[in-house]
Amino acid sequence: MEQTSQLLICLTSLLCCTTTTARLTVSPSSSQLFKGDSVSLSCEEDDSSAGWTLRRNTTKRQRTQCGADWGEAAGSSCIISYTLPLDSGVYWCESREGATSSSISISVSGGPVILQSPVLPVMEGHDVTLHCKTKTTPSTLPAAFYKDGSLIRTEPAGHMTIHHVSRSDEGLYRCNISGHGESPPSWISVTEKPTTLAPPPAPAPPPASAPLQLVFRLLLHLVVFCPYFISTVIMVSLYRHRATGNDLPVSMAMAPPTKAEQRLAEDYDDIMAVTTEHQL
C-alpha cells in the first residue's frame, strides 16, 4: 500500500505545471529520505518581489503551505527538521500571482533501505549514479538495481552509474539489499539537451581556376578593345595629315609676272606667229 501511494505521488509530479521564474532546490539532493532525516527546500528566485513560497501535495492534503501547515519558513526557503512518511509528496514554489516552478517528488521511507537518486531531471548525455543505502549499516553493501520491475544488474559496492543517459533511461527505479530489504521506487526523468544555433556557414573559397578566368577575361577585353583603339588613332592621324596638306605654305604662293617677263612673253608669241606663217 505504501509503495502504491508513493508511485501515485511520483506520477502526480509529472503533471504539475511549470514555469522558469523560480527554481526549487533540495538539500540533500535525494528523492528518497529516511524517516527522521532533515531536508531544506529553497526557491531560487529571478524576481524576489514575487513573494515565492513552498507548497506541496501529499496523499492526505493538497496545496498546503510551508510554515502554516508544515515545516519552518525562512523567506523563500523551508526546512523540515524531522521528516515523516506523511511528508512524502510533490513540492513546488508558487508566487502570489499564482506562477509555479518545476515540481519535485520526495519520498520519506520508514523502511531500512532507500535509493538515493537525483531529485531533479537529468540532462541527456550526463552520467547519473544511484546509491542503495541502509539506515543501520553505514558501509555500502552489494545491491541489486531494478528498472520498471526488471533487474538491471547487481553491484558489489552498492551503487550503479548510468553513463551518457538518454530518454530511454527514464523510468521507475528501485534497489534491493539482500538481508535488509527493498527501497521504495523513484522516478528518474531525463531532459533533452538544449539545442544551440549553428554558426552561419563560412563563405566558400574561390575555385582554383578563378585567377585563370580573371586573366582570360582581361585578355579578352584587350583583344576586343585594341583594334578599335588602333583604328581610331590611324583615322585621327590621316585626318590631321590631309588637313595640313591642303594649306599651301607662304613660300609656295605665286607672285605676279614682272614687265620684263611680260615683254619676253610677247616677243615669244610674235616669233611663233612668224614661223607659223613662213611654214604655210
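To be clear, the structure that these remarks concern was listed above.
Read on for an overview of the structure. Nothing here was measured: the structure is a model prediction, and the numbers come from that model.

Another aspect to go through is the packing of aromatic side chains. The geometry of two aromatic rings is summed up by the distance between their centres and the angle between their planes. Per the stated rule, a full pass over the model turns up 1 aromatic pair. Summarising the aromatic geometry, the rings of Trp70 and Tyr91 are spaced 5.4 Å apart at their centres and angled 90° between planes, so their arrangement reads as edge-to-face. Taken together, the residues span a long stretch of sequence, with Trp70 in the loop between strand S5 (64-65) and strand S6 (72-74) and Tyr91 in strand S8 (residues 89-94) at a distance of 21 residues. Sitting over the face of the ring of Tyr146, Arg174 holds its NZ or CZ atom 4.2 Å from the ring centroid.

Our next topic: the sheet that holds strand S12 (residues 128-134). Spatial strand order, S10-S12-S15: 3 strands in an open sheet with antiparallel pairing. The open sheet is flanked by strand S10 (113-116) and strand S15 (159-162), the only strands paired with a single partner. Each adjacent strand pair in this sheet contributes to an overall mean axis angle of 15°, direction not counted. Relative to S15, S12 runs antiparallel, the two being bridged by 4 bridges. Note that in S15 the partner of Thr129 across the bridge is Thr161.

With that out of the way, let us pick up unusual backbone geometry. The phi torsion of most residues other than glycine is negative, and most of the peptide bonds are trans. In the segment running from Ser27 into Pro28, the intervening peptide bond is cis, with an omega of 0°. Secondary-structure assignment places Pro28 in the loop between strand S1 (22-27) and strand S2 (32-34). In this model, Asp148 sits at a positive phi of 55°, which is unusual for a non-glycine residue. In this fold, Asp148 is placed in the loop between strand S13 (143-147) and strand S14 (150-155). Overall, the relative accessible area of 47% leaves Asp148 in the partly exposed class. At His164, a position not held by glycine, the phi torsion is positive, near 50°. Mapped onto the secondary structure, His164 falls in the loop between S15 and strand S16 (171-177).

Turning our eyes to something else, we now look at the state of the cysteines. Scanning the entire structure with this criterion turns up 3 disulfides. A sulfur-sulfur separation of 2.0 Å characterises the disulfide bridge that pairs Cys43 with Cys93. One quick way to see it: the torsion about the S-S bond of Cys43 and Cys93 is about -105°, and its sign makes the bridge left-handed. Of this pair, Cys43 sits in strand S3 (residues 39-45) while Cys93 sits in strand S8, and the two are 50 residues apart along the sequence. Neither residue differs from the other here; Cys43 and Cys93 are each classed as buried.

Of all hydrophobic cores here, the largest spans 19 residues; its most connected members are Leu41, Leu54, Tyr91, Ile104 and Ile106. Of all elements in the fold, only S1, S3, strand S7 (77-80), S8 and strand S9 (104-109) reach the threshold of two or more residues within this core. Aside from chain neighbours lying at most four places away, what touches Ile104 is Leu24, Val26, Leu41, Gly89, Val90, Tyr91, Val119 and Leu120.

In terms of residue burial, S8 counts as a mostly covered element, since 6 of its 6 residues are buried. As defined by bridge partners, strand S4 (residues 53-57) adjoins S8 across 5 bridges and the pair is classed as antiparallel. Bridge assignment links Arg56 to a residue of S8, and that residue is Tyr91. Across 3 bridges, the pairing between S8 and S9 is antiparallel. Within the sheet, the bridge partner assigned to Val90 lies in S9 and is Ser105.

So, about the sheet that holds S1. Taken in spatial order, the 4 strands line up as S1-S3-S7-S6 in an open sheet, and their pairing is antiparallel. The sheet is open, and its two edges are formed by S1 and S6, each paired on a single side. When strand polarity is set aside, the average angle formed by the axes of neighbouring strands in this sheet is 20°. As judged from the 4 bridges shared by S3 and S7, these two strands associate in the antiparallel manner. Note on S7: the bridge partner recorded for Ser40 is Ile79.

What counts and what doesn't
Residues numbered from 1 in each chain as written. Predicted model: local features only at pLDDT ≥ 70, side-chain atom pairs only at ≥ 80, totals over all residues. Heavy atoms only, no water. Phe/Tyr/Trp six-rings, centres within 6.5 Å; stacked < 30°, edge-to-face > 60°. Helix = DSSP H or I, 4+ residues; strand = E, 2+ residues; numbered from the N terminus. Lys NZ or Arg CZ within 6 Å of the ring centre and 35° of its normal. Pairing = 2+ DSSP bridges. Axes fitted to C-alpha atoms, helices over the stretch in contact; angles between N-to-C directions. Buried < 20%, exposed > 50% of the residue type's maximum accessible area, 1.4 Å probe, protein only. Disulfide = S-S within 2.5 Å. Core = buried A, V, L, I, M, F, W, Y, C linked by side-chain atoms within 4.5 Å. Contact = heavy atoms within 4.5 Å.

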